[in-house]
Amino acid sequence: MHVLYNQIMLLLTTPLYVLIISAELLFSHLEGVKSYTWKDTFHNFLLSLLTGLTDLAMRGFSLIVLTFFFSLSFFKWTHAVSYWVILLLFVDVMHYWLHRLGHHSRLFWAIHVNHHSSTHYNFTVGFRTGALEPFYSFLFFIPIAFAGFRPIDIFFIYSVGQVWAILTHTEKVKKLGWLEYIFVTPSHHRVHHASNPKYLDRNMGTVFIFWDKLFGTFQQELPPQQYEPIRYGITHELENDSIPTLIFHEWSAIMRDMRRKDLNLKQRIMYLFGPPGWSHDGHSMTSREMRLQEHIKKKSPASR
């Protein structure tokens, strides 16, 4: 059944992806906007392929683990509409916390940062994923299996959510009215991919935006008269954009920081598990510190 679900998703999504990417390319050409580059697009699909390989390697193990916890469940669900609605909400909120972990712990940011390293924003960026994430992402679905939801159904709903996530990676779709209050839209996700201080670590949801509003990570996309234009990518420039650099640059930075001779044990642990940008001497800043600094600059008389 798991294989059947995957085949169905592949059959449904491949033509969709070809269609939307082609349409985005056409509109970009007509607008005279360079939304794509060959190298960046190649990197997006290559990183997706690497993630697919690790996901394939972990699929059997993750299914065994989730099946074990499913067997311990005291909950019995009938396969009615409520089953699928509750499962969708459950998977989405757990993925919210998985995603939030990737932004608030440097060890996991080192894996997730690949998704944010592109300075472009188009549908193919949605395929630009962390190759090591499948080694631990399934752990967030253990409570769902224990609550009586079949593991294959969990994987299916997760795949549906990822399709929605890919569709939010575009600049061509502007704000969508009342849908902005319920779903993660391209506008919401553009904020998530921005490196501007006000937008950092915001809008972590995949399908539903109300998790961000509930847990304090929501930020709407502001018009130009209220805030500066979005800058995509990460907050520091990489030495180069080779695949090894894209995958391992943050790991190298972690090792470099942890090897500092003037650190105590707590500081070394913070460089590994603390928020990205944390430093003991101020040589780098967290997203919260960047926002505070930006706020102070805007309030200072010299900035007026």
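Above this text sits the structure in question.
For every chain, the first residue of the written sequence is number 1, and numbering continues from 1 along that sequence. The predicted origin of the model limits local features to residues at a pLDDT of at least 70 and limits the giving and counting of side-chain atom pairs to 80 or more, whereas totals for whole chains, interfaces and linings rest on all residues. Excluded from the side-chain calculations are hydrogens and water; all other atoms, namely the structure's heavy atoms, are used.

### Brief notes about helix α3 (residues 81–104)
Comment: elements are numbered from the N terminus, with helices defined as DSSP H or I runs of at least four residues and strands as E runs of at least two. A helix is expected to span 1.5 Å for every residue after the first. Along its 24 residues, α3 runs 35 Å from first to last C-alpha, staying within 8% of the 34 Å computed at 1.5 Å per residue. Contacts are assigned to residue pairs with any non-hydrogen atoms lying within 4.5 Å of each other. Elements in contact with the buried residues of α3: α4 (106–112), α5 (142–146), α6 (151–167), α7 (186–192) and α8 (210–215).

### Here we look at the nonpolar core
Among buried residues, those of type Ala, Val, Leu, Ile, Met, Phe, Trp, Tyr and Cys that are joined through side-chain atoms within 4.5 Å constitute a nonpolar core. The cut-offs for exposure are 20% and 50% of the maximum accessible area for each residue type, with area from a 1.4 Å probe on protein chains only; residues under the lower value are buried, those over the upper are exposed, and the others partly exposed. One finds Leu87, Val91, Phe141, Ile144, Phe149 and Ile154 to be the most contacted residues of the largest nonpolar core, which totals 32 residues. If you list the elements that add at least two residues to this core, you get α2 (38–71), α3, α4, α5 and α6. Looking at which element gives the most residues to this core, the answer is α3, with seven residues. Phe141 has contacts with Leu66, Val91, Met94, Ile154 and Tyr158, leaving out every residue within four places of it along the chain.

### Details of helix α10 (residues 265–273)
Among the residues of α10, Gln267, Tyr271 and Leu272 are the ones counted as buried. Seen end-on, α10 carries its buried residues on one side only, within an arc spanning 140°. Those residues of α10 that are exposed and aimed more than 90 degrees away from the buried face are Leu265 and Lys266. Looking at the buried side of α10, the elements it contacts are α4 and α9 (243–258). The directions from the helix axis to the C-beta atoms form the arc being described.

### Some points on the environment of Ser105
Note on placement: Ser105 falls in the loop between α3 and α4. In sequence terms Ser105 and Pro275 are 170 residues apart; their C-alpha atoms lie 4.7 Å from each other. Not counting the four nearest positions on each side in its chain, Ser105 is found in contact with Leu272, Phe273, Gly274 and Pro276. Whenever a nitrogen or oxygen atom comes within 3.5 Å of another N or O atom, the pair is scored as a polar contact, on the condition that within protein one atom can donate a hydrogen and the other can accept it, and that pairs from neighbouring residues in sequence are kept only if both atoms are in side chains. At a separation of 3.2 Å, a polar atom in the side chain of Ser105 contacts the main-chain carbonyl oxygen of Phe273.

### A few points about the pattern of salt bridges
Two side chains with opposite charge may pair up if their charged atoms get near one another. Each reported salt bridge corresponds to a side-chain nitrogen of Lys or Arg within 4 Å of a carboxyl oxygen of Asp or Glu. Scanning all chains against the criterion turns up 11 salt bridges. The partner of Glu221 in a salt bridge is Arg190, and the shortest N-O contact between them spans 3.0 Å. With Glu221 in the loop between α8 and α9 and Arg190 in helix α7, the pair connects residues that are 31 residues apart, well separated along the chain. Of the residues examined, Arg190 reaches a relative accessible area of 4% and is grouped as buried. Among the charged side chains, a network of salt bridges with common partners joins Arg106, Glu250, Asp257, Arg260 and Asp281.

### Concerning the side chain of Glu294
Tracing the sequence through the fold places Glu294 in helix α11 (residues 287–299). A distance of 2.7 Å separates the side chain of Glu294 from the side chain of Tyr227, its partner in a polar contact. With sequence-adjacent residues up to four places away left out, Glu294 is seen in contact with Pro197, Lys198, Tyr227 and Glu228.

### Points about the environment of Ser48
Examined against the element boundaries, Ser48 turns out to sit in helix α2. Owing to a relative accessible area of 24%, Ser48 belongs among the partly exposed residues under this scheme. Put simply, Ser48 and Val125 are 77 residues apart on the chain and 9.5 Å apart in space, counted from C-alpha to C-alpha. Excluding its chain neighbours within four sequence positions, the residues that come into contact with Ser48 are Phe127 and Thr129.

### What to know about a nonpolar patch on the surface
Patch membership needs two things, relative accessible area over 30% and no salt bridge, and members are linked within 9 Å if like-charged or within 5 Å if nonpolar (Val, Leu, Ile, Met, Phe, Trp, Tyr). Only the protein chains shown count as cover for residues, with accessible areas throughout obtained via the Shrake-Rupley method and a probe of 1.4 Å. Taken together, the side chains of Leu26, Phe27 and Leu30 make up a nonpolar region of the molecular surface, amounting to roughly 330 Å² of accessible area. Here Leu26 shows up in helix α1 (residues 2–31).

### Describing the environment of Thr13
Along the chain, the position of Thr13 falls in helix α1. As a C-alpha pair, Thr13 and Val163 span 150 residues in sequence and 7.5 Å in three-dimensional space.

### Digging into the packing of aromatic side chains
In this description, an aromatic ring pair is defined by two values, namely the gap between the centres and the angle between the planes. Each Phe, Tyr or Trp ring (for Trp, its six-membered ring) is paired with any other whose centre lies within 6.5 Å, and the angle between the two planes then decides the class: stacked below 30 degrees, edge-to-face above 60, tilted in between. All chains considered together, the criterion is met by 21 aromatic pairs. With 5.0 Å between their ring centres and 85° between their planes, Tyr17 and Phe127 make a pair best called edge-to-face. Residue Tyr17 is found in helix α1, and its partner Phe127 is found in the loop between α4 and α5; the two are separated by 110 residues along the sequence. In this structure, Tyr17 and Phe127 share a single accessibility class: buried. Seen from their ring centres, Tyr271 and Trp278 are 5.0 Å apart, and the 75° between their planes marks the pair as edge-to-face. When its relative accessible area of 0% is taken as the criterion, Tyr271 is described as buried. Counting every residue linked through ring pairs, the aromatic cluster contains Trp77, Tyr83, Trp84, Phe90, Phe149 and Phe156. When the ring centre of Phe218 is taken as reference, the NZ or CZ atom of Lys213 above it lies at 4.9 Å. Whether a charge sits over a ring depends on NZ of Lys or CZ of Arg being within 6 Å of the ring centre and within 35 degrees of the ring normal.

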